[in-house]
Amino acid sequence: MNKAKPTTLLDRTFDEGVALTLEVRNYIAFHEQADRREYDLSRCLQVGYQHTRVSARLIQVMTWLLAMKALLAGEISPEQFAAPQYALAESDECKDQAGPEMAELPPGLRSLLERSYALYSRIQRLDAMVRSKLEAGEVPNFGMLSGPAVLSVGGAA
């Protein structure tokens, strides 16, 4: 009998990020050509911008998740993880932009925007928690993210 590997919050969130990234890739690949035929230039530009926003969020999320996995595996130190290169950017593309123009977007794209923002917001909260602990010289509660591995601030697992 095979025992299923226990999944952690980090594993589930990573899997969610990968699935959403693939869904976005497929959506853009399929709908981009159809949108160009159906919409005028102004609407095509708006839809293209929204594709960029979804992609930017997911790049940020997946970079953070991969860095967290590397940290928990001992491949990078807490100091390296705390570097700005792994921080989530506070760019306009990653912020939520509710408004009347959003209602004009195709429903599938609106769904991707909403779900990517929800995932980005969750990672933003996790990032703030982890960084505040690291800045205080404390070891974050990585057990909630990874399981039994315990990291010291010195970087060894």
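For the structure, see preceding data.
Per chain, the residues get numbers from 1 upward, laid out in the order the sequence is written. Per-residue local features of the predicted model are confined to residues with pLDDT of at least 70, and side-chain atom pairs are confined, for both listing and counting, to 80 or more; whole-chain, interface and lining totals are unaffected and use all residues. Computation of side-chain values: all heavy atoms of the structure, hydrogens and water removed.

A. Focus on the nonpolar core. To qualify as a nonpolar core, a set must consist of buried Ala, Val, Leu, Ile, Met, Phe, Trp, Tyr and Cys residues joined through side-chain atoms within 4.5 Å. Under the scheme applied here, a residue whose accessible area is under 20% of the maximum for its type counts as buried, over 50% as exposed, and between as partly exposed, the area being computed with a 1.4 Å probe on protein chains only. Ranked by size, the top nonpolar core spans 35 residues in total, and within it Trp 64, Leu 65, Met 68, Phe 81 and Ile 123 carry the most contacts. Labels follow the DSSP assignment, with helices taken as runs of H or I lasting at least four residues and strands as runs of E lasting at least two, numbered in each case from the N terminus. Taken together, the elements giving at least two residues each to this core come down to helix 1 (9–38), helix 2 (41–72) and helix 5 (107–135). Top contributing element to this core by residue count: helix 2, with 13 residues.

B. The arrangement of helix 2 in detail. For a helix, the expected span equals 1.5 Å multiplied by the number of residues minus one. Compared with an ideal rise of 1.5 Å per residue, which puts 32 residues at 46 Å, helix 2 spans 46 Å between its outermost C-alpha atoms and is within 8% of the ideal. Immediately beyond the C-terminal end of helix 2, within one or two residues, lies Gly 74, with a positive phi of roughly 80 degrees.

C. Geometry of helix 5. Look at helix 5: 41 Å from first C-alpha to last across 29 residues, which is about the 42 Å you get at 1.5 Å a residue. Gly 137, located one to two residues past helix 5, shows a positive phi value of around 80 degrees.

D. View of the packing of helix 2 against helix 5. For the pair helix 2 and helix 5, the least separation of the axes is 9 Å and the interaxial angle reads 30 degrees. At the point where helix 2 passes helix 5, the crossing takes the left-handed sense. Contacts between helix 2 and helix 5 pair Val 47, Gln 50, His 51, Arg 53, Val 54, Arg 57, Leu 58, Gln 60, Val 61, Trp 64, Leu 65 and Met 68 from the former with Leu 109, Leu 112, Leu 113, Ser 116, Tyr 117, Leu 119, Tyr 120, Ile 123, Leu 126, Asp 127 and Val 130 from the latter. Basically, the charged four are Asp, Glu, Lys and Arg, the nonpolar ten are Ala, Val, Leu, Ile, Met, Phe, Trp, Tyr, Cys and Pro, and anything else, Gly included, counts as polar. The residue inventory of the contact of helix 2 with helix 5, partitioned by class, reads 16 nonpolar, four polar and three charged. Only the stretch in contact is used when fitting a helix axis, every axis being a line fitted to C-alpha atoms; angles between N-to-C directions are given from 0 to 180 degrees. Left-handed describes a crossing whose near helix is turned anticlockwise from the far helix through less than a right angle; right-handed describes the clockwise counterpart. Any pair of residues with heavy atoms lying within 4.5 Å of one another is described as a contacting pair.

E. Up close: the environment of Tyr 86. Along the chain, the position of Tyr 86 falls in the loop between helix 3 (78–81) and helix 4 (100–103). Leaving out residues up to four positions away in the same chain, Tyr 86 has contacts with Thr 63, Trp 64, Ala 67, Ile 76, Gln 80, Phe 81, Asp 127 and Arg 131.

F. Representation of the pattern of salt bridges within the structure. Should a side-chain nitrogen of Lys or Arg be within 4 Å of a carboxyl oxygen of Asp or Glu, the pair is scored as a salt bridge. With the rule as written, the count across this model stands at four salt bridges. Note that Arg 122 and Glu 16 form a salt bridge whose closest N and O atoms lie 2.4 Å from each other. A residue pair is termed long-range when its members are at least 10 positions apart, and Arg 122 in helix 5 and Glu 16 in helix 1 qualify at 106 residues. Ionic pairing is found between Asp 127 and Arg 131, a salt bridge with its closest N-O pair at 2.7 Å. Placement of the pair is Asp 127 and Arg 131 together in helix 5, with a separation of four residues, close to one helical turn. For the pair Asp 127 and Arg 131, a shared accessibility class is recorded, and that class is buried.

Spatial relationships are all this shows, so hold off on functional conclusions.
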